[in-house]
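Structural characterization, general
Here are the chains, one letter per residue:
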Amino acid sequence: MAKPVKPVVKPILYGTWNGGYPTRKGFKMMLSILFIGILYTILGLMLSFDSAFLRIATSFVLIFFAAFYMYSQGINAGESDAHFSEIMYQHQQEGKIIAPQDLDRCYHPGKGFYEILIALIPYLMITLVFAFMVQPLIYTLGVLPSWLSASMQQTHVGEALSYYTNNSSLLFMPILRVIVRALTMPFINVALLLDTNGMLWAERLTPLWISIAPLAYGIGYLQGPSVRTKVNTGIKIGVHNKKRKERKARKVRTASKTPERLI
């Protein structure tokens, strides 16, 4: 029975949790969060079932899919940085000078969370402004029809309808509410099942909702060294199996050779 191969844990050179490289990477990852927002909007509208169970279940699946997408990106980024850190460690052992930009790219456990925090900045700004300004939704008066404009010139009619003109609201909050709800659609779909107060708190917590799936990136990034260990172990197993097959093939060739007949 073949002995199990021990995990191949290679030493790595640790970098810093921040710097130019992770900052640039964070800005690029803003598009990933925007993709999640678009996914939330399209699928969230399609999966707005009347059944409370179906709405909660589909919203959970959608959030899980988005988190898994970010988690996978984090694993890939962590494994790539850990691999680069292995190379830089070898260079350091050989006495080579490590350039600052190379050290900046090396793995650090906090780098994934720093990158995703940079990516979240514009979305957190939008949702935080909305969270501080949001108020419970109440009935508001609509716009008067154009045919009443002439009647507004009359004193008694104008006084009676003056509330319509004095209560005109800005479009800022309605537009902001549409944007924020689109970015957090699965959570809002569930919150719509609650009362007015529950909906208000769901909207005030939108900075948290927008951060849940992206934070999975940082968790995935932490798995980088362990994934790299599995890759290195797999390479060693592959080399070991190749050598074993070559030895078997060599034995077969040796055994198949017939001794020459002496005359």
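Just so you know, the residues in each chain are numbered from 1, in the order the chain's sequence is written. The predicted origin of the model limits local features to residues at a pLDDT of at least 70 and limits the giving and counting of side-chain atom pairs to 80 or more, whereas totals for whole chains, interfaces and linings rest on all residues. To obtain the side-chain values, all non-hydrogen atoms of the structure were included, while hydrogens and water were left out.

Comments concerning the overall build of the chain
- What counts as a helix is a DSSP run of H or I of at least four residues, what counts as a strand is a run of E of at least two, and both are numbered from the N terminus. Along the chain, the regular secondary structure elements total 12 helices and 0 strands.
- Along the chain, helices (α) and strands (β) appear in the sequence α-α-α-α-α-α-α-α-α-α-α-α when read from the amino end.
- Here the chain holds 263 residues, and 35% of them are scored as buried.
- Any two residues whose heavy atoms approach within 4.5 Å are treated as being in contact. Across the chain, every contact between residues at least 6 apart in sequence was considered, and the portion connecting residues at least 24 apart equals 83%.
- Throughout, the Shrake-Rupley method with a 1.4 Å probe supplies accessible areas, and for residues the shown protein chains are the sole cover considered. Element-wise, carbon and sulfur atoms account for 68% of the exposed surface of the chain, whose accessible area totals about 17200 Å². In this scheme, a residue with accessible area under 20% of its type's maximum is buried, one over 50% is exposed, and one in between is partly exposed, where area comes from a 1.4 Å probe on protein chains only.

So, a nonpolar patch on the surface
- A residue counts toward a patch only above 30% relative accessible area and without a salt bridge, and it is joined to like-charged neighbours within 9 Å or, for Val, Leu, Ile, Met, Phe, Trp and Tyr, to nonpolar neighbours within 5 Å. What makes a salt bridge here is a side-chain nitrogen of Lys or Arg within 4 Å of a carboxyl oxygen of Asp or Glu, nothing more. Where nonpolar side chains cluster on the molecular surface, the patch consists of Leu31, Leu34, Ile38, Ile42 and Met46 and spans about 510 Å² of accessible area.
- Among the structural elements, Met46 can be located in helix H2 (residues 30-46).
- Classification of Met46 by relative accessible area gives exposed; the value is 58%.

Section: the confidence of the model for the chain
- Residue-level confidence of the predictor, termed pLDDT, takes values from 0 up to 100. Predicted confidence across the chain gives a mean pLDDT of 81, with 78% of residues reaching 70 or more.
- Taken element by element, the chain is modelled with least confidence in helix H6 (residues 155-160), mean pLDDT 44, and with most confidence in helix H11 (residues 206-221), mean pLDDT 94.
- Confidence over residues 151-161 falls short of pLDDT 50; this stretch has 8 contacts with residues more than four positions distant or in other chains.

Structural notes on the nonpolar core
- Only buried residues count toward a nonpolar core, which is a set of Ala, Val, Leu, Ile, Met, Phe, Trp, Tyr and Cys residues joined through side-chain atoms within 4.5 Å. The biggest cluster of nonpolar side chains holds 32 residues, and the ones touching the most others in it are Tyr40, Met70, Ile116 and Tyr217.
- Secondary structure elements with two or more residues in this core: H2, helix H3 (52-93), helix H5 (111-133), helix H9 (185-191), helix H10 (196-204) and H11.
- Excluding anything up to four places from it in sequence, Tyr40 contacts Leu45, Leu62, Ile63, Ala66, Ala182, Leu183, Thr184, Met185, Pro186, Phe187 and Ala213.

Section: the packing of H5 against H11
- At a minimum axis separation of 9 Å, H5 and H11 run at an interaxial angle of 175 degrees. Relative to H11, the element H5 lies roughly antiparallel. For the pair H5 and H11, the contacting residues are Lys111, Gly112, Phe113, Glu115, Ile116, Leu120, Tyr123, Leu124, Thr127, Leu128, Phe130 and Ala131 in the first and Thr206, Pro207, Ile210, Ser211, Pro214, Leu215, Tyr217, Gly218, Ile219 and Tyr221 in the second.
- Gly is put with the polar residues, along with every residue not named as nonpolar or charged; the nonpolar set is Ala, Val, Leu, Ile, Met, Phe, Trp, Tyr, Cys and Pro, and the charged set is Asp, Glu, Lys and Arg. Grouping the constituent residues of the contact of H5 with H11 by class yields 15 nonpolar, 5 polar and 2 charged. Each axis is a line fitted through C-alpha atoms, and for a helix only the stretch in contact is used; angles between axes span 0 to 180 degrees, taken between their N-to-C directions. An angle counts as roughly parallel when it lies under 35 degrees, as roughly antiparallel when it exceeds 145, as roughly perpendicular when it falls between 65 and 115, and as oblique in every other case.

Considering the packing of H10 against H11
- In the contact formed by H10 and H11, the axes pass within 4 Å of each other and the chain directions differ by 55 degrees. What the angle tells us is that H10 and H11 run oblique. Between H10, through Ala202, Glu203 and Arg204, and H11, the contact on the second element is made entirely by Thr206, Pro207 and Trp209.
- For the contact of H10 with H11, the residue count by class is 3 nonpolar, 1 polar and 2 charged.

Overview of H5
- Given the number of residues in a helix, its expected span is that number minus one, multiplied by 1.5 Å. Helix length check: H5 (23 residues) gives 33 Å between terminal C-alpha atoms against 33 Å at 1.5 Å per residue, within 8%.
- Along H5, the sharpest kink reaches roughly 50 degrees, centred on Ile121 and followed within four residues by the proline Pro122. For a residue, the bend is simply the angle between two axes, fitted respectively to the seven-residue segment ending there and the seven-residue segment starting there.

Some points on the pattern of salt bridges
- This structure, assessed with the given rule, holds 5 salt bridges.
- One salt bridge in this structure joins Glu79 and Arg228, with 2.8 Å as the shortest N-O distance. Separated by 149 residues along the polypeptide, Glu79 in helix H3 and Arg228 in helix H12 (residues 224-256) bring together distant segments of the chain. When sorted by exposure, Glu79 lands in the same class as Arg228, which is buried.
- The salt bridge partner of Glu203 is Arg181, with a shortest N-O separation of 2.8 Å.

Considering the environment of Asn18
- Residue placement: Asn18 occurs in the segment before helix H1 (20-28).
- C-alpha separation for the pair Asn18 and Arg105, spaced 87 residues apart in sequence, amounts to 9.5 Å.
- In contact with Asn18, not counting residues within four places along its chain, are Asp104 and Tyr114.

Overview of the environment of Gly112
- Counting through the fold element by element, Gly112 comes out in helix H5.
- For the pair Gly112 and Lys25, spaced 87 residues apart in sequence, the C-alpha to C-alpha distance is 9.8 Å.
- In contact with Gly112, other than residues within four places in its own chain, are Tyr217, Gly218 and Tyr221.

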